[in-house]
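If you want the building blocks of each chain, they are given just below.
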Amino acid sequence: MNKKVIFSLILLSIFIAFLSGFLASSSPDGLEKVAENLGFSKVAKQQSSVFIDYNFSEAINPAISKIFAGIFGILIIYFIIHSFIHLKHLKVIIAKIFRIDNWLDRKNKE
Amino acid sequence: MHIPDGFLDQKVSAGTAFMAAAVLGYCFAKVRQALTSLVPESVLAGAGQMAANISESSKKTLSTFAESHIMKMGAIASLIFAAQMFNFPINNGTSGHMLGGILAALAVGPFSGALVIAAILSVQSIFFADGGLMALGANILNMAVVGTVICYYIYFIVNRTFKNKFGYYIGVFFASFFSVILASVACAFEVAFSGTMEFSKILPAMASVHAVIGIAEALITIMAVEILINIKFELEGIIKDE
């Protein structure tokens, strides 16, 4: 396993995000369509968020704005998962946050 | 099938969030156990007197293969996130997109796969308003638990029964087909329990729409696994022939 494969997969996903900016269908998806047909789609509340419906900015072309939002999402997902590399420290970090590290050490020694 | 806020009532939101958190905690413990190992005694001996002061939790370290496993998880997560953006049209002015649970489970194993899908769903909910924050527990239960961990065992059982190339393709096909169907059925159950819609109406509607999406999902998953094998990505969820 080398870094080349990882890098090429991230490039591939950016390419898919690029394609989806131009080609993705804007029709409602399965659950939304069922909600429309059965008449309960109005119950849904639109929440506020950073990029609503994968739109980076209202000011630019919708396709380009979707591509930017997609690239942002891909990078943020990769870095969130990459931070799992610190998971060996996780117990220590949680213990420090809740100030139970001394107690945990004493319990481990017994 | 990201459930937006408003479809679920409070008791269903809270119950599904609790169940999702319990299963994800189990998955995280499994992955952590697989990826960490104790620091060898010989290294500790070098620390001499200091070694007695090192706490038990600090004596664990990442195994050698752990870093590449985590990078694989990240790469497959960004791939599935991009694939979920790509809505393809199906009949009657409806669109569908990939779920990716079986792809994640085949690439990095079912427990890491569930963590991957849960991370994707959280980012979609927080940054892109795709799926409500209150409904995040239900979405994780539908897609990461039912659509990834449980449906991986369909592949597992089918592959164990046939034990050849045919069994592998049939297993991947049915696992990814049923991952979409079962996730949509779980979604229908949750919406019906919340009293938003009668169960007898929403179940056939959800299952029939997602049957079409499920076939597309199965074809995309088989294609994606072939691509991953061709670029020499080591798939950890695939059962090897003895």
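All of the points below concern the structure found in this document. (Residues numbered from 1 in each chain as written. Chains lettered and ligands numbered in written order. Predicted model: local features only at pLDDT ≥ 70, side-chain atom pairs only at ≥ 80, totals over all residues.)

Some points on the overall build of chain A
Looking only at helices and strands, one finds 5 helices and 0 strands in chain A. Of the regular secondary structure in chain A, the N- to C-terminal order runs α-α-α-α-α. The proportion of buried residues among the 110 residues of chain A is 23%. A separation of at least 24 residues holds for 50% of the contacts in chain A among residues at least 6 apart in sequence. (Helix = DSSP H or I, 4+ residues; strand = E, 2+ residues; numbered from the N terminus. Buried ≥ 20, exposed ≤ 12 C-beta atoms within 10 Å, placed from the backbone. Contact = placed C-beta atoms within 7 Å.)

Concerning the overall build of chain B
What chain B contains, in helices and strands, is 8 helices and 4 strands. Helices and strands appear in chain B in the N-to-C order α-β-α-β-α-β-β-α-α-α-α-α. Expressed as lengths along the three principal axes of its C-alpha atoms, the size of chain B is roughly 70 × 45 × 30 Å. Looking at chain B as a whole, 50% of its 242 residues are labelled buried. Intrachain contacts of chain B at a sequence separation of at least 6 include 72% that bridge at least 24 residues.

Observations concerning the nonpolar core
By size, the foremost hydrophobic cluster in this structure holds 99 residues, and its most contacted members are B:Ile76, B:Ala77, B:Val116 and B:Ile140. In contact with B:Ala77, other than residues within four places in its own chain, are A:Ile77, A:Tyr78, A:Ile81, B:Val116, B:Ala119 and B:Ile120. (Core = buried A, V, L, I, M, F, W, Y, C linked by C-beta atoms within 7 Å.)

A closer look at the interface of chain B and chain A
Listed per partner, the contact involves 63 residues of chain B and 53 residues of chain A. Elements with a contribution of two residues or more to the side of chain B that touches chain A: β2 (60-62), α3 (66-85), β3 (88-90), β4 (94-96), α5 (110-128), α7 (165-193) and α8 (199-230) of chain B. Grouping the constituent residues of the side of chain B that touches chain A by class yields 35 nonpolar, 19 polar and 9 charged. (Nonpolar A, V, L, I, M, F, W, Y, C, P; charged D, E, K, R; others polar.)

Looking at unusual backbone geometry
All names here are of chain B. In this structure, lysine 163 takes a positive phi of about 60 degrees despite not being glycine. Within the secondary structure layout, lysine 163 lies in the loop between α6 (136-162) and α7. Notably, lysine 232 is not glycine yet its phi reads approximately 65 degrees, a positive angle. The residue lysine 232 is located in the segment after α8 in this model.

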